[in-house]
Amino acid sequence: QYVVEDKPQARIGEVIIVGNTVTQDRIIRRMLQQLQPGQILRYPEMRIAEKDLARMNIFEMSPEMGVRPTIQALDSPGPFKDLLVKVNETRTGSLMLGAGINSDNGVVGSIVLNERNFDLFRLPTSFADFFDGRAFRGAGQELRIEAVPGTQIQRYTISVREPFLFDQPYSLLVSAYYRDRIFDEYTEGRVGSRVTLGHQFTKEWSASVSFRAEDVEVSNIAVGAPSDYTDAYGHNTILAPSVNVSYDTRDSFMRPTEGGKLEFSYEQVFGTATYPIVNLEGSRFFTLWQRPDGSGKHVLVFHSQISWAGGEDPVYERFFGGGYSSIRGFEFRGVGPNVNGFMVGGQFQFMNSVEYQIPVRANDNLYFVTFLDSGTVESKIGIHDYRVSAGFGLRITVPMLGPVPIALDFGFPIVKSSTDRTQLFSFWIGMYR
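Given the structure is predicted, the values throughout are model-derived calculations rather than measurements.

Calculation criteria
- Residues numbered from 1 in each chain as written.
- Predicted model: local features only at pLDDT ≥ 70, side-chain atom pairs only at ≥ 80, totals over all residues.
- Heavy atoms only, no water.
- Helix = DSSP H or I, 4+ residues; strand = E, 2+ residues; numbered from the N terminus.
- Buried < 20%, exposed > 50% of the residue type's maximum accessible area, 1.4 Å probe, protein only.
- Contact = heavy atoms within 4.5 Å.
- Areas by Shrake-Rupley, 256 points an atom, 1.4 Å probe, with all protein chains shown as cover.
- Pairing = 2+ DSSP bridges.
- Axes fitted to C-alpha atoms, helices over the stretch in contact; angles between N-to-C directions.
- Salt bridge = Lys/Arg side-chain N within 4 Å of Asp/Glu carboxyl O.
- Core = buried A, V, L, I, M, F, W, Y, C linked by side-chain atoms within 4.5 Å.
- Phe/Tyr/Trp six-rings, centres within 6.5 Å; stacked < 30°, edge-to-face > 60°.
- Lys NZ or Arg CZ within 6 Å of the ring centre and 35° of its normal.

Chemist: Which residues make up the overall build of the protein, and what are the values?
Modeler: Each helix and strand counted, the protein has 4 helices and 21 strands in total. Taking the principal axes of the C-alpha coordinates as reference, the protein spans close to 95 × 55 × 35 Å. Out of the 433 residues in the protein, the part that is buried amounts to 43%. A sequence separation of at least 24 residues applies to 56% of the contacts in the protein between residues at least 6 apart. Of the accessible surface of the protein, which amounts to about 23,000 Å², a share of 60% is contributed by carbon and sulfur atoms.

As structure tokens, then:
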């Protein structure tokens, strides 16, 4: 004779967190939304929560040493089981020094201070808080201070990002910046700030609203420049609210091999001039071949972008084509409307690119690319002078220096306009440590 006994499912009792000497408990608990006291204990959700804690990138991760965030159900009589959450604090601040050179921006240096576990309101109570790493740390915010001096461009930025505003699934990014750029036609200086409030609806869908405030100074205008430049001389004000919606299924942010991203944005600019800016951009990645171990992936990439700015847009907000990240085979800002030899930009752009990536080594640190770029920049909506170029290039990654620090491309214009400026070779070289 058998007796079938229906035992009640175990439920979560107390959630105990240990090991967080700097990080606040609430920062960890917001990763445990499916593991609240009183809920039914499900072990798959415990494993998901462990991965979420690891993705925060503020705790020690050494899988080969068995060190990582863990969640364990403690044995106890009765239907309730306590959960023990173990984490190990790690160094979350970094100072990166580097230099780079590319065909679009010349020679640049870089100094970046980044803190991934910043706390804006955790003021030091003594000098010991600085030495122990407690001052301004522990709230899971991100602080980034960046200085990029260069021969043609310089940029200085400070930003603070709160990924869970008021412990809710909303993010807040506040940044202030100064940028100075020397173009062939003029010098442009921008001082401004941007505030962005975002929300992640699902793993794929997200949206944000932003507000941009800038002072744009146009100076050192070349002799003989058309009114597009002379009318913008001096200081110009930009006050611009915007909305952004994106759908992202990429398998990696560094080098995607599957999935894609579709992003739409609308910005309405007020100030010295009034005009809208609309942008729709999409990318799709396909793995066509890979080694049995999953390395050496041959990736086919499609990318398209269509943008439009309203009729009153000034020259410093217009679109220009050409260069490393645009239509290769043409100079940076070498594609678009031309007035008396001066590139004046356009209100409409339509860009397309197809690229095939072939790894040379199994670790994907060296791979060959072939590409077909095409597109146009027009003064009004329409396609009149559509450019096409084809070429090949090389990507070299030195792991300790970051993703794709060296990119070399040879582009050959197939279809071009008589006023376009061509460029056979484009390159980007960056180094950080």
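Don't stop here, the text continues.
Chemist: Could you give me a rundown of the environment of Met 61, with the residues and numbers involved?
Modeler: Looking at the secondary structure, you find Met 61 in the loop between helix H2 (43-55) and strand E2 (70-73). Met 61 sits in the partly exposed class, given a relative accessible area of 39%. Distance from Met 61 to Asn 88, taken between C-alpha atoms, is 8.5 Å for residues 27 residues apart in sequence. Once you skip the residues sitting within four places of it in the chain, Met 61 turns out to touch Ala 54, Val 67, Arg 68 and Pro 69.

Chemist: Could you give me a rundown of unusual backbone geometry, with the residues and numbers involved?
Modeler: One non-glycine residue, Phe 136, lies in the positive phi region at around 55 degrees. Counting through the fold element by element, Phe 136 comes out in the loop between helix H3 (127-131) and strand E6 (141-148). A residue is classified by how much of its surface remains accessible, and Phe 136, at 27% relative accessible area, is partly exposed. You will see that Phe 166, though not glycine, has its phi angle at about 55 degrees, which is positive. Residue classification places Phe 166 among the exposed residues on the basis of a relative accessible area of 72%.

Chemist: Which residues make up the sheet that holds E2, and what values go with them?
Modeler: In space, the 3 strands of this open sheet follow the order E1-E3-E2, with mixed pairing throughout. The sheet is open, and its two borders are formed by strand E1 (11-18) and E2, each paired with just one other strand. Taking the axes of each pair of neighbouring strands and ignoring which way they run, one obtains an average angle of 20 degrees across the sheet. Where E1 meets strand E3 (residues 80-86), 6 bridges bridge the pair, whose relative direction is parallel. Each bridged residue has a counterpart across the sheet, and for Ile 16 the counterpart in E3 is Leu 84. Docked against the sheet, H2 engages E2 and E3, running at close to 155 degrees with respect to E2.

Chemist: Explain the pattern of salt bridges to me, and be specific about the residues and the numbers.
Modeler: Summed over all chains, the structure comprises 26 salt bridges. One salt bridge connects Asp 184 with Arg 421, and the closest N-O pair in it is separated by 3.6 Å. Here Asp 184 is found in the loop between strand E8 (170-182) and strand E9 (187-200), whereas its partner Arg 421 is found in the loop between strand E20 (406-415) and strand E21 (425-432), with 237 residues between them in sequence. Between Arg 328 and Asp 409 there is a salt bridge; the shortest N-O distance is 3.6 Å. Of this pair, Arg 328 sits in the loop between strand E14 (298-309) and strand E15 (338-339) while Asp 409 sits in strand E20, and the two are 81 residues apart along the sequence. Judged by relative accessible area, which is 5%, Arg 328 ranks as buried.

Chemist: Can you tell me about the nonpolar core, naming the residues and giving the values?
Modeler: Ranked by internal contacts, the top residues of the largest apolar core, which has 26 residues, are Tyr 186, Tyr 229, Ile 238, Val 269, Tyr 275, Ile 277 and Tyr 316. Looking at this core, the elements with two or more residues in it are strand E10 (205-219), strand E11 (234-248), strand E13 (275-289) and strand E16 (342-343). Not counting residues up to four positions away in its chain, the partners in contact with Ile 238 are Arg 190, Arg 212, Ala 213, Glu 214, Val 216, Val 269, Phe 270, Tyr 275, Tyr 316 and Glu 317. Grouped together as the second largest cluster of nonpolar side chains are 20 residues, Ile 58, Ala 73, Val 85 and Val 87 included.

Chemist: How would you explain the packing of aromatic side chains if you had to name every residue and give the values?
Modeler: In total, this model carries 12 aromatic pairs according to the counting rule given. Relative to Tyr 186, the ring of Phe 183 lies with its centre 5.3 Å away and its plane at 25 degrees, an arrangement referred to as stacked. Exposure class is identical for Phe 183 and Tyr 186. Each is buried. Seen from their ring centres, Trp 205 and Tyr 247 are 4.8 Å apart, and the 45 degrees between their planes marks the pair as tilted. One end of the pair, Trp 205, is in strand E10; the other, Tyr 247, is in strand E11, and 42 residues separate them in sequence. A residue is classified by how much of its surface remains accessible, and Trp 205, at 43% relative accessible area, is partly exposed. Through successive ring pairs, a cluster of aromatic residues spans Phe 368, Phe 392, Phe 410, Phe 412, Phe 425 and Phe 427. In this structure, Arg 179 is placed above the aromatic ring of Tyr 177, and the distance from its NZ or CZ to the ring centre is 4.4 Å.

Take it as geometry only, folks, not as evidence of what the structure does.
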